[in-house]
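One-letter residues, chain by chain:
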Amino acid sequence: MKPPVPHRRWALAAATALALVVGGLTIPVTRAAEAAPVGAGSYTTTPVGALPSGCGAMTSNPRQFATANAPAGPIPTNDWWSSLLWKRTDCSFSEPLHAHPVSYDTFGDGLGFSANSTPAISGTATGVGEYHYPYVQDIRVGVAGLAAPLVKVDGWTDWTVSPHWSDGTRTMRATIGHGLPFAYFQTTGGNAQISTAGTPDVWSNSGATIGFRVNGHDYVGFAPSGASWTVASGRISSTLAGRGYFSVALLPPTSSATERASLAATYGQYAHAHVTGTQVSYAYNPATSGLTTTYAFTTTAREGSATQTVVSLYPHQWKSLSGSTAITPTYPSARGRMKVLTGVNQFRTAMKFQGILPELPAVGDGSGGDLSTLTGHLAATRANPMDQRGNDTYWTGKGLGRAARIAEIADQVNDTTTRDSALNAIRSTLTDWFTASSGKTSRVFYYDNNWGTLIGYPASYGSDQELNDHHFHYGYYIAAAATLAKFDPSWAATSRYGGMVDLLIRDANNYRRDDTRFPYLRDFDIYAGHDWASGHGSFGSGNNQESSSEGMNFASALIQWGQTTGDTAVRDAGVFLYTTQAAAIQEYWFDVSDQNFPSAFGHSTVGMVWGDGGAYATWFSGEPEMIQGINLLPVTGGHLYLGNNPAYVRTNYAELVRNNGGPPTVWQDILWQFQALGDADAALANLRANPGYTPEEGESRAHTFHWIRNLAALGTVDTSVTGNHPLSAVFSRNGARTYVASNPTATPITVTFSNGTTLTVGAGKTATTGAYTWSGGNAAGGVPPTTPTDPPPTTTPPTTTPPSTGGPTRYLLPGGGLGGAGSAATTTVAAANGNHDGTPTNAQVFTATGLNLAYSGGQTAFDLFVDAGAAVGNGVQVRISYDLTGNGSWDRVETSRYFATDPVAGYEHYTQNAGLSSATGTLGTLSNGTVRVEVWSAIGNNPSTVGIGNQSVLRLPYS
């Protein structure tokens, strides 16, 4: 089932000569490019390399297998039915078309149906293995005497296709689609005919409706009213009363004849409301982080007045269904159980977009020895930030991705030299690829009007001849452009190179239906909810895709590019692709609920999804590290979805170790970074214990250390809280949340999270609040607090060097002052003797007045030394209030969660890591301002001691 030239190999790309290799012959390519300008950039309209090819005149006429009725414009590729239009191995008919719940195949005398419900499983539970629901024909539907020499395509919509047969005397047009239990037919020149595999078990034949069983599967044929069906020699036929239309439906498996008859009657109500169109629409609401997707069906009533239909939903759809109720029983499929909706012309799903980040915040490696480690790794990349392993579209993209990660991290820790080196590499590389100067035949993009596609040369892994992987390759370019746009917005302007970025977006997944240069959402299977990598899909198992994570790299790149450049249409398209596919990946690549893979398959993940199943395998390697790792890379802040289920991360990693016979020995960095999303402490230990590991080709030691070290501080992804900004995320460690947001624009923003927490983010910064209050770029006042891996405090409060009087660092002083450090002392906080959570009661109060400080964009930090001795059940709480102008009105009030002290004598650290319980107002410049700290017991029946003088400290986000 593998292609003659696999569309993905992980061998290092060799240098690409300016030549084509066709049938073993080397053909020089010397034609000069004709440049078409796009702002300051350009692409060529003169071929400079290999082009898509197939049967007959496919290169010059890809529409040769489409009828005159087919929609105008570029042909769709990379779809579940692509082999019907783009014929590669059979110049007359398609490969099997896995629509679900039915698979189809085309023949000269009609359309074959397969409802195979039994998986074929090969391989082992610890090695390479596959499961497939292969095409096994139950019936073939056609016209008596039909002998068409080939099948053409008469039409298509978002998830349906209409193949067409003609032999000069007889014709047949069918419409089939994802989720449709019905296939609809229009015929001329003869009787409708259903041929069965063996003798059919006819369980109902009444007038225009016939029900029968073949291979254990129940089908119903619906002829026009007044017609009838006859059965003879394994064939079922009807004159259709001369009307030329009918439909055939597959019923779900049933447990009784009564239930089967009831379903047949229900389906019969909609049998002649033929589905003639399908269309998706989506809406992203940043305020709620909600994505609503509508799947709409257009029907044409061949008779009667019904306008609705019957549809079946994939797991990623029915688990997010909104406003409708699916019925049972269900259909089996290669994607798990499909639930049914009857009498609908649309359905909606409602999902939460969890948010992405350009990069994790430097809360764990922004100071001390870990900062030195990080800056050392960054310095090592400075001379060659891309570390490019090949000159083609894929390996150039990998290098761009590496440089983008380095630029983002270096900026956070004020390593401007490394940051600018990486940005310069990105800028020069993209500018080169985005410029088609006269005579240029390499590092150039070519637009082919026949196919409606933009191909980069040198191409790789079939991205030219098979239109494979465009979203994989171009996602790296777009993501790097988004990073560059944040620092160099003029480069990204439409009048300069932004237009070329948009062309790459539209080629891989055109988000505009009115743009006829490219097909709508080329690589994305709208109903299946995920991308397909193979352009032509000419395999017995249908289409396929390995690296779901590189598909997500494309989607997250759109979100970042759209947000950075202000293009909300691109951003929203990215959110649709990202959110929908994140749900599909959890179901079909990871099966996190353990409901979709066949029970005997024995794996918790697959390396590849096929139209009819999945495989614990890749195109390029049988090593478990690569089988599992191919769906994890590249690791970026756009891949936090991988950590949405930390328990599954641990399950997945455990399978890797089991199948590998021990910890990973290749792609260790990729796999440790994934492990960190479920168990960051273990991942950090693995990284520290293996300093001599070999980085994956698109990785750097700087990024791997930064990712794992910061997840060890942040904890795991918290999906229970979302932000009203697409570049935001929430993490939780030991019950304490950290809220993160990134602002790529030149204007400060305030992000509000679904639990009411707010976060102010400076221009061009990443900021955090809660457990780790920090402002990107080590801005003044953004001092990272003590990390979870630092040594615990001693039982005696340490002495701290006092700051200069009047600065942003303040100590809690005897007598209620907030100022420079004094002598060590203590104060007592009275017992709560009740619940005073959030309400200061018998509080110790510390105040500073007359403050004139500039707000730096960070968040409040504190470190209170508290001790409840041997008392059990005490909780100390703090509230910090800001009167910005000293007029007696509190402009900002922050109440932290209380700190449950332990019953062991000795000071403990109560810090902002506890997270905010509530916050009102906003911070700003202090002009003769006042700051007040209130400390009290929220719970507990015993007093607590607070170290003051030179011990408990408040760090104001001011300079």
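Residues numbered from 1 in each chain as written. Predicted model: local features only at pLDDT ≥ 70, side-chain atom pairs only at ≥ 80, totals over all residues. Heavy atoms only, no water.

Novice: What's the story with the overall build of the chain in this structure? I'm lost.
Specialist: Along the backbone of the chain there are 14 helices and 55 strands. For the chain, whose C-alpha radius of gyration is 32 Å, the value lies close to the compact-globule estimate of 30 Å for 959 residues. Its C-alpha atoms give the chain principal-axis dimensions of roughly 105 × 70 × 55 Å. Each of the 959 residues in the chain was classed as buried or not, and the buried ones make up 62%. (Helix = DSSP H or I, 4+ residues; strand = E, 2+ residues; numbered from the N terminus. Rg over C-alpha atoms; globule rule 2.2 N^0.38 Å. Buried < 20%, exposed > 50% of the residue type's maximum accessible area, 1.4 Å probe, protein only.)

Novice: Please explain the state of the cysteines as it appears in this structure.
Specialist: Linking two cysteines covalently through their sulfur atoms gives a disulfide. Within the structure shown, the criterion is met by one disulfide. Here cysteine 55 pairs with cysteine 91 through a disulfide, and the sulfurs are 2.2 Å apart. Between cysteine 55 and cysteine 91, the S-S dihedral sits near -85°, and the bridge is therefore left-handed. Of this pair, cysteine 55 sits in the loop between strand 4 (41-44) and helix 1 (82-85) while cysteine 91 sits in the loop between helix 1 and strand 5 (97-98); the two residues are 36 residues apart in sequence, bridging distant segments of the chain. Overall, the relative accessible area of 3% leaves cysteine 55 in the buried class. The partly exposed category is assigned to cysteine 91, whose relative accessible area is 42%. (Disulfide = S-S within 2.5 Å.)

Novice: What is the right way to read empty space enclosed by the protein from this model?
Specialist: Gaps left between atoms are located by rolling a probe of water-molecule size over the structure's atoms. Considering all chains together, one arrives at six cavities of 30 Å³ or more under this definition. One number sums up the size of the largest cavity: a volume of about 150 Å³. Along the walls of the largest cavity sit 17 residues, with Gly401, Arg405, Asn553, Pro634 and Thr636 positioned nearest its centre. Of all elements in the fold, only helix 5 (393-412), helix 7 (470-487) and helix 9 (548-565) reach the threshold of two or more residues within the lining of the largest cavity. It is helix 5 that contributes the most residues to the lining of the largest cavity, three residues altogether. Each residue belonging to the lining of the largest cavity can be placed in one class, and the counts come to six nonpolar, eight polar and three charged. (1 Å grid on protein atoms, 1.4 Å probe; cavity = no way out; pocket = protein on both sides within 12 Å on 5 of 7 lines; lining within 4 Å. Points joined across faces, edges and corners; volume = space filled by probe spheres on them. Nonpolar A, V, L, I, M, F, W, Y, C, P; charged D, E, K, R; others polar.)

Novice: Please explain the sheet that holds strand 11 (residues 151-156) as it appears in this structure.
Specialist: Paired through backbone hydrogen bonds, the strands of a sheet run either parallel or antiparallel to each other. With antiparallel pairing, eight strands are arranged side by side in an open sheet as 11-12-13-14-21-18-17-16. Two strands in the sheet have a free side with no partner beyond their single neighbour: strand 11 and strand 16 (201-206). Strand-to-strand twist of the sheet, defined as the mean angle between neighbouring strand axes without regard to direction, takes the value 20°. Both strand 12 (residues 160-166) and strand 13 (residues 171-177) contribute to a ladder of five bridges, which runs antiparallel. Across the sheet, the residue bridging to tryptophan 165 is methionine 172, located in strand 13. (Pairing = 2+ DSSP bridges. Axes fitted to C-alpha atoms, helices over the stretch in contact; angles between N-to-C directions.)

Novice: Sorry if this is basic, but what is going on with helix 4 (residues 368-381) here?
Specialist: Structural remark: α-helix, 3.6 residues per turn; residues separated by three or four positions point the same way. Over its 14 residues, helix 4 extends 21 Å from the first C-alpha to the last, a length consistent with the 20 Å expected when each residue adds 1.5 Å. Asp370, Leu371, Leu374, Leu378 and Thr381 are the residues of helix 4 that are buried. The buried residues of helix 4 occupy an angular sector of 100° when the element is viewed end-on, so they sit on one face. Exposed side chains of helix 4 directed beyond 90 degrees from the buried face belong to Gly369, Ser372 and Ala380. Against helix 5, helix 6 (416-433), helix 13 (668-689) and helix 14 (701-714) lie the buried residues of helix 4. (Expected span 1.5 Å × (residues − 1). Arc of directions from axis to C-beta. Contact = heavy atoms within 4.5 Å.)

Novice: I tried to follow the pattern of salt bridges on my own but got confused; where do I start?
Specialist: The full count for this structure, using the stated rule, is 31 salt bridges. As a salt-bridge pair, arginine 513 and aspartate 158 come within 2.6 Å of each other at their nearest N and O atoms. Pair noted here: arginine 513 is in the loop between helix 8 (494-509) and strand 31 (524-525) and aspartate 158 is in the loop between strand 11 and strand 12, with a separation of 355 residues, a long-range link. For arginine 513, a relative accessible area of 38% corresponds to the partly exposed category. With its nearest N and O atoms 3.0 Å apart, the salt bridge here joins aspartate 488 to arginine 427. Residue aspartate 488 is located in the loop between helix 7 and helix 8, and its partner arginine 427 is located in helix 6; the two are separated by 61 residues in the primary sequence. We classify aspartate 488 as buried; its relative accessible area is 14%. Where salt bridges share partners, they join Asp502, Arg506, Asp515 and Arg517 into one cluster. (Salt bridge = Lys/Arg side-chain N within 4 Å of Asp/Glu carboxyl O.)

Novice: Can you help me understand the packing of aromatic side chains in this one?
Specialist: Aromatic rings considered in pairs are described by the distance between their centres and by the relative angle of their planes. Applying the stated criterion to the full structure yields 55 aromatic pairs. On the basis of an interplanar angle of 45° and a centroid distance of 6.4 Å, the ring pair of tyrosine 446 and tyrosine 457 is categorised as tilted. Taken as a pair, tyrosine 446 in strand 29 (residues 444-448) and tyrosine 457 in strand 30 (residues 453-457) lie far apart in primary sequence, 11 residues in all. Residue classification places tyrosine 446 among the buried positions, given a relative accessible area of 4%. Through successive ring pairs, a cluster of aromatic residues spans Tyr104, Phe113, Phe185, Phe212, Tyr219, Trp229 and Phe246. (Phe/Tyr/Trp six-rings, centres within 6.5 Å; stacked < 30°, edge-to-face > 60°.)

Novice: Would you mind showing me how to read the sheet that holds strand 38 (residues 736-742) here?
Specialist: The strand order 36-37-38-41-42 describes an open sheet built from five strands, whose pairing is antiparallel. At either margin of the open sheet sits one strand with a lone partner, and together these are strand 36 (716-717) and strand 42 (774-775). Where strand 41 (residues 766-770) meets strand 42, two bridges bridge the pair, whose relative direction is antiparallel. Bridging across to strand 42, threonine 768 finds its partner in tryptophan 774.

Novice: Got a minute to help me understand the pairing of strand 26 (residues 327-331) in this structure?
Specialist: On a regular strand, one side chain projects to one face of the sheet and the next to the other, so that they alternate. As judged from the two bridges shared by strand 26 and strand 27 (residues 338-344), these two strands associate in the antiparallel manner. Its bridge partner lying in strand 27, tyrosine 331 is registered against methionine 338.

Novice: Explanation requested: the packing of helix 8 against helix 9 in the structure shown.
Specialist: Each pair of packed helices can be summarised by the angle the axes make with each other and by the distance between the axes. Contact geometry for helix 8 and helix 9: axes closest at 12 Å, N-to-C directions at 145°. The handedness of the crossing between helix 8 and helix 9 comes out as left-handed. Across the interface between the two elements, Gly498, Val501, Ile505, Ala508 and Asn509 from helix 8 touch Phe554, Leu558 and Trp561 from helix 9. Its residues assigned to classes, the contact of helix 8 with helix 9 comprises six nonpolar, two polar and no charged. (Left-handed = near helix turned anticlockwise from the far one by under 90°.)

Novice: Quick question: what am I supposed to make of the environment of aspartate 392 here?
Specialist: Looking at the secondary structure, you find aspartate 392 in the loop between helix 4 and helix 5. Here the alpha-carbon distance between aspartate 392 and alanine 459, two residues 67 residues apart in the chain, equals 5.4 Å.

Novice: Explanation requested: the side chain of threonine 294 in the structure shown.
Specialist: With respect to the helices and strands, threonine 294 occurs in strand 23 (residues 290-301). A distance of 3.0 Å separates polar atoms of two side chains, one belonging to threonine 294 and the other to arginine 348. When near neighbours in sequence (up to four residues on either side) are disregarded, threonine 294 contacts Gln279, Val280, Ser281, Gln346, Phe347 and Arg348. (Polar contact = N/O pair within 3.5 Å; in protein donor to acceptor, adjacent residues only side chain to side chain.)

Novice: Looking at this structure, how should I read the side chain of threonine 483?
Specialist: Positionally, threonine 483 belongs in helix 7. For threonine 483, the side chain forms a polar contact with the side chain of glutamate 408, separated by 3.0 Å. Contact partners of threonine 483, with chain neighbours within four places excluded, come to Ala404, Ala407, Glu408 and Leu423.

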